[in-house]
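# Tertiary structure, described
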Amino acid sequence: MELETRIRNQLLRPELPPSSYDTAWVSMVPLRGTHQSPCFPQCVEWILQNQQDDGSWGVNQFDSSVNKDVLLSTLACVLALKRWNVGRENIWRGLHFIGRNFSVAMDEQTTAPIGFNITFATMLSLAIDMGLEFPIRQTDVHGILELREMELKRQAVYGSYGRKAYMAYITEGLGNRLDWDEVMKFQRKNGSLFSCPSTTAVALIHKYNDQAHQYLNSLVSEFGSAVPAVYPSKLHCQLLMVDALERMGISQHFVNEIKSILDMAFSHWLQKDEEIMMDIATCAMTFRLLRMNGYDVSSDELSHVAEASNFCDSLQGYLNDTKSLLELYKASKVSLSGNDLILDSIGSWSGNLLKDKLCSSRVQKNLIFGEIDYAVKFPFYATLERLEHKRNIEHFDAWGSLMLTTKGSSFHVNQEFLALAVNDFSLSQSVYQDELQHLDSWVKENKLDQLQFARQKLTYCYLSAAATIFPSELSDARISWAKNGVLTTVVDDFFDVGGSKAELENLIELVEKWHEHHADKYYSEQVRIIFSAIYATTNQLGAKASAAQDRDVTKHLAEIWLDVLRSMMMEAEWQRSQHVPTVEEYMTNAVVSFALGPIVLPALYFVGQELLEHAVKDQEYDKLFRLMSSCGRLLNDSKSFEREGSQGKLNSISLLVLHSGNSVSTEAAKKVIQKSIDTSRRDLLRLVLRKESVVPRPCKELFWKMCKILHLFYYQTDGFSSPKEMVGAVNAVINEPLKIQMSDASLFISSEK
């Protein structure tokens, strides 16, 4: 597919767009020993050749509106041409463009590049001192200069490291006000200041430095006559693209390319490479991507922002950078142990700062508001992937705006990403609709809709499959998951309210005999319907799974059902005899009776991996199942405690209270259970991500996917039992077409050439 090929090429060889702004400043560096000639004349020539028809400069072909980036770039290019006394006509057109659009510079509501009020005013003042005449009223010039003075006074209040870094970063706006020896303390190993060509060029203009000169020289040698806004940034761009592909649900098309990029990122991580480590957002994103893709990375590398005070004292903290805060918060959630003090601390303070932003009316007008709100409400372990993909595709606008990286440039995620994601999602929706229709027929054919006691949860069961096992080609896995989800719901209701003791015993006896059962042994029509559905469905799935695995697995699928029925019978007997089990007894039985086995375990055979018999019998397989089921059982207990208590049922919370002789309160018991949920979830994720494994990774991921479903279903209430709770999610994933929300200003998501 041509679209995939183009994206594949971008992933491996990301093109860094030229920055007019940075190229202008590099062009102003004089040849050492003379002020009469440019050190990089090819940059001056590029400026002369790349003015837009309207007189502006700036890579802005996908946004017809004038913004502060373009004004800043145009002013820098005008200054550069005047500096070398070339391009009189170009200068005149540039001055008139700035004059026509000067109101944009004065508009405080318009999004501005970092340090705009200081840099633009200083550059304007410099241009006027050079004799350039702008078609601007004098009062407007005074107004912009006044904004600069107000900003400088506000900055002078702070004496932090973050402020010093900020002042060094916007050198072009401060010039002779700076102590250049102090500025050069921010120089990196590659010779740059902040990996930013414009900042490095200004420093070199004011104070010659061999390393800075070599940095710019290597840049011009590599890119020719125009430089990018940030360098080095290839790996940073690649990681942003990997994150975008994952967020939009199309990463499965680029498995090899993503592995290659992440292998490289891991190597750079181990070397503590500046491109990753010196930027907080990049460091946090890299940590999250590597960890969630199974690389062994330690949170120790985030220790420099373990406390809020560390962050506030950094450049990103000083800038109150939302992107960095969001990345830190998301990274803090991928904790694999209960005593990761660094991630716990980051999660706490970054979460509080993000919540503060949500309370700010100014932020609420911003596109980023929805991104913060979503991240705080739904940590990654409480999301349905396909639902999240849809949201990210539809709101590409909002999170794309978080990619602003420099004073005058944005990282452009190619519009082709969006096109592929839209095609992929739309195609999968048509597949989902066909599958749901098939499942609806299956329910009717098996007369499951005639069981009056049973909750009709087909759409919820299918949602949990479609929203997580989402690639179109995994139809068999989804069908297996959904059918068994429906059957376990029916059986659960049968044991809870629908069946007599004799009927339950009859059902178990039939499953025990399996192929040897006899039709005349059904105790009731209800038993006949339920057993026939389990028997026929399991045999059909078993035949398909056996063909896929090249060995007979039907017997294993029948055994899974037998285990569930026996454990449910145990609970029914406890209730009938009013037996009060210990918490340990309860949980040993509950991990099976919660009935995730028939849903998840058969589906493992359908994800395109060979699942050998010794793997199914391995301790790892059993542990994955028990951790997932423990999470589910305890989440259900914590949300259904009051309802079940009123029905005289015991669960983990009431048992904790009872066995303590009422010395433990209900609230304290709930906290204990919540801690157990968190521990089980972390242990499960650690096992899923571990590279040394008997169970294949795609199979392990199904246990994690179910864990995520459970966290969402029981997020605020018992979403599975609620008649309305998940209806919106069902419609969003299966029925409602995409609604792409793209504002004109967001079209920087461009098709780069």
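Now for a look at the structure at hand. Chains are numbered independently. Their residues run from 1 in the order of the written sequence. The predicted origin of the model limits local features to residues at a pLDDT of at least 70 and limits the giving and counting of side-chain atom pairs to 80 or more, whereas totals for whole chains, interfaces and linings rest on all residues. Excluding hydrogens and water, the side-chain figures rest on all heavy atoms present in the structure.

### So, the overall build of the chain
Helix and strand assignments come from DSSP, with helices taken as H or I runs of at least 4 residues and strands as E runs of at least 2, each series counted from the N terminus. Across its full length, the chain carries 38 helices and zero strands. Classification of the 753 residues of the chain by burial places 57% in the buried group. Look at the contacts in the chain between residues 6 or more apart in sequence, and 73% of them connect residues 24 or more apart. Carbon and sulfur atoms make up 50% of the accessible area of the chain, which amounts to about 32,000 Å² in all. Burial classification: accessible surface area is computed with a 1.4 Å probe over protein chains only, and a residue below 20% of its type maximum counts as buried, one above 50% as exposed, and the rest as partly exposed. Two residues qualify as a contact provided that any one of their heavy atoms is within 4.5 Å of a heavy atom in the partner residue. Residue burial considers only the protein chains on display, and all accessible areas are found by Shrake-Rupley using a 1.4 Å probe.

### Comments concerning helix 8 (residues 138-156)
Counted at 1.5 Å a residue, the expected span for helix 8 with its 19 residues is 27 Å, and the 27 Å between its end C-alpha atoms agrees. Looking only at helix 8, the buried set comprises Asp140, Val141, Gly143, Ile144, Leu147, Arg148, Glu151, Leu152 and Gln155. Its buried side turned inward, helix 8 meets helix 6 (102-106), helix 7 (116-129), helix 9 (161-169) and helix 18 (315-318). Expected helix span is given by 1.5 Å per residue-to-residue step, counting one fewer step than there are residues.

### Notes on unusual backbone geometry
Of the consecutive residues Tyr231 and Pro232, the connecting peptide bond is found in the cis state with omega at 0°. Take Pro232: it is sitting in the loop between helix 12 (210-223) and helix 13 (234-247). In this structure, Gln578 is a non-glycine residue whose phi angle is positive, near 60°. According to the relative accessible area criterion, Gln578 is exposed, its value standing at 70%.

### Considering helix 9
Within the span of helix 9, buried status applies to Gly162, Ala165, Tyr166, Met167, Ala168 and Tyr169. On the buried face of helix 9, the contacting elements are helix 7, helix 8, helix 10 (180-183), helix 11 (197-206) and helix 18.

### Here's the deal with the packing of helix 25 (residues 415-445) against helix 38 (residues 727-735)
Where helix 25 contacts helix 38, the axes come no closer than 8 Å and their chain directions differ by 110°. Between helix 25 and helix 38, the angle falls in the class roughly perpendicular. Each of Phe425, Gln429, Tyr432, Gln433 and Leu436 in helix 25 lies in contact with helix 38, whose residues at this interface are Ala732, Val733, Ile734 and Asn735. Charged residues are taken to be Asp, Glu, Lys and Arg, nonpolar residues to be Ala, Val, Leu, Ile, Met, Phe, Trp, Tyr, Cys and Pro, and polar residues to be all remaining types, Gly included. Its residues placed into classes, the contact of helix 25 with helix 38 shows six nonpolar, three polar and no charged. In this description, a line fitted to the C-alpha atoms serves as the axis of each element, helices being fitted only across the stretch in contact, and the angle between N-to-C directions of two axes falls anywhere from 0 to 180 degrees. Each angle is binned into one of four classes, with values under 35 degrees roughly parallel, values over 145 roughly antiparallel, values of 65 to 115 roughly perpendicular, and all other values oblique.

### Section: the packing of aromatic side chains
Pairing of aromatic side chains requires ring centres within 6.5 Å, counting the rings of Phe and Tyr and the six-membered ring of Trp. Pairs whose planes differ by under 30 degrees are stacked, by over 60 edge-to-face, and all others tilted. A full pass over the atoms with the stated rule returns 21 aromatic pairs. Taken together, a centroid distance of 5.0 Å and an interplanar angle of 15° make the contact between Phe116 and Phe120 stacked. Of this pair, Phe116 and Phe120 are both found in helix 7, four residues apart, which corresponds to roughly one turn of the helix. Phe120 matches Phe116 in its accessibility class, with the two residues each being buried. Judged by centre distance (6.2 Å) and plane angle (50°), the rings of Tyr460 and Phe713 are tilted. In this pair, Tyr460 sits in helix 26 (residues 458-466) while Phe713 sits in helix 37 (residues 697-713), placing the two residues 253 residues apart along the sequence. The structure contains a cluster of three or more aromatic residues connected by ring pairs, namely Tyr161, Tyr169, Phe186 and Phe194. Over the ring of Tyr208 we find Arg32; its NZ or CZ atom is 3.9 Å from the centre of that ring. Only when the NZ atom of a Lys or the CZ atom of an Arg is both within 6 Å of the ring centre and within 35 degrees of the ring normal do we say a charge sits over the ring.

### Topic: a nonpolar patch on the surface
Patch criteria: residues need more than 30% relative accessible area and no salt bridge. Like-charged residues are merged within 9 Å; nonpolar side chains of Val, Leu, Ile, Met, Phe, Trp and Tyr are merged within 5 Å. Here a salt bridge means any side-chain nitrogen of Lys or Arg lying within 4 Å of a carboxyl oxygen belonging to Asp or Glu. A cluster of nonpolar side chains, contributed by Val580, Leu650 and Leu658, occupies part of the molecular surface with about 220 Å² of accessible area. Positionally, Leu658 belongs in helix 35 (residues 652-659). With relative accessibility at 45%, the residue Leu658 sits in the partly exposed group.

### Focus on the pattern of salt bridges
Per the stated rule, a full pass over the model turns up 37 salt bridges. The salt bridge involving Arg478 is made with Glu435; its shortest N-O contact spans 2.8 Å. Separated by 43 residues along the polypeptide, Arg478 in helix 27 (residues 475-498) and Glu435 in helix 25 bring together distant segments of the chain. There is no split in this pair, since Arg478 and Glu435 are both buried.

### Digging into the side chain of Lys700
Tracing the backbone shows Lys700 in helix 37. Charge counting follows a simple rule: Lys and Arg are positive, Asp and Glu are negative, and His as well as the terminal groups are ignored. One buried charged residue, Lys700, remains without a salt bridge, the closest side chain of opposite sign being Glu620 at 4.1 Å. Within the structure, the side chain of Lys700 is placed 3.1 Å from the backbone oxygen of Val688, a separation counted as a polar contact. The definition of a polar contact used here is a pair of N or O atoms within 3.5 Å, where within protein one atom must be able to donate a hydrogen and the other to accept one, and adjacent residues in sequence count solely through side-chain atom pairs. Side-chain polar atoms of Lys700 contact the side chain of Ser693, separated by 3.2 Å. Filtering out sequence-adjacent residues up to four positions away, Lys700 remains in contact with Glu620, Leu624, Leu687, Val688, Arg690, Ser693 and Val695.

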